[in-house]
Amino acid sequence: MFYSISGTLVHKEPGKVVLETGGIAYEILIALNTFSALPESGFSIKLYTHLIIREDGMYLYGFLDEQEKRIFLLLNTVSKVGPKLSLAVLSGISTQKLKDAILSNDYPLIATIPGIGKKTAERIVLELRDKFDEVFEPVEQRSSAAEDVLSALANLGYKRQDCKNIVTKLSGDYDDFETLLKESLKKLSK
């Protein structure tokens, strides 16, 4: 609902900030890494945001960049990992170290984050290994048709990495959705 909010940083403390824009002050929950990168109160900042509505309230989460936001959203797809644990992960490890840990199956490193146990760390690695690298890949490198085909193939149950390799190879030859999808399906079915 709120993609990003720009405004004046009114107050900051570990775990949350208050950002004022247009006469409205928003309380935004943040990771400790975000907190340490913010300027002092009174400066203008921009945070990418994600709103979560639950029966006990509405919670607005803020991130320094879109990559951090995408990581947060991916972490929330892991079973038994919600927004609170996702922020704990982002607070306990840099995004690059998290990427390296997931792609190299280094769940003991993730388990060292406060609030994350061995089983949760294993689940994070297992469930995100195949789709985590998409967060670090610049979207601009692929055409919108290629991006749509990649999404369609993933929704059909194909492994994202296999799909990405094939779509990347074929997107130079085919630039419309239907043809690219048909050719990708042919390659995947071999």
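All values reported here derive from a predicted model rather than from experimental measurement.

Draft legend 1. Region of interest: the environment of Leu188. Relative to the assigned elements, Leu188 resides in helix α9 (residues 177-189). If we ignore the near neighbours within four places in the chain, the residues touching Leu188 are Leu153, Tyr158, Asp162, Cys163 and Ile166.

Draft legend 2. A look at the environment of Gly42. Mapped onto the elements of the fold, Gly42 is located in the loop between α1 (32-37) and β4 (44-54). For Gly42, a relative accessible area of 56% corresponds to the exposed category. Not counting the four nearest positions on each side in its chain, Gly42 is found in contact with Thr8 and Leu9.

Draft legend 3. Representation of the pattern of salt bridges in the model. Per the stated rule, a full pass over the model turns up three salt bridges. Linking Glu27 and Lys16 is a salt bridge whose minimum nitrogen-to-oxygen distance equals 3.2 Å. Taken together, the positions of Glu27 in strand β3 (residues 24-29) and Lys16 in strand β2 (residues 16-21) put the pair 11 residues apart, joining distant regions of the chain. According to the relative accessible area criterion, Lys16 is partly exposed, its value standing at 25%.

Draft legend 4. Structural view of the packing of aromatic side chains. Considering all chains together, one arrives at four aromatic pairs under this definition. Their ring planes at 90° and their centres at 5.8 Å tell us that Tyr3 and Tyr48 sit as a pair that is edge-to-face. With Tyr3 in the segment before β1 (4-13) and Tyr48 in strand β4, this pair connects stretches of sequence that are 45 residues apart. The exposure class assigned to Tyr3 is partly exposed, which follows from its relative accessible area of 47%. Owing to a relative accessible area of 15%, Tyr48 belongs among the buried residues under this scheme. By the ring-pair criterion, three or more aromatic residues cluster together here, those being Tyr61, Phe63 and Phe72.

Conventions used here
- Residues numbered from 1 in each chain as written.
- Predicted model: local features only at pLDDT ≥ 70, side-chain atom pairs only at ≥ 80, totals over all residues.
- Heavy atoms only, no water.
- Helix = DSSP H or I, 4+ residues; strand = E, 2+ residues; numbered from the N terminus.
- Contact = heavy atoms within 4.5 Å.
- Buried < 20%, exposed > 50% of the residue type's maximum accessible area, 1.4 Å probe, protein only.
- Salt bridge = Lys/Arg side-chain N within 4 Å of Asp/Glu carboxyl O.
- Phe/Tyr/Trp six-rings, centres within 6.5 Å; stacked < 30°, edge-to-face > 60°.

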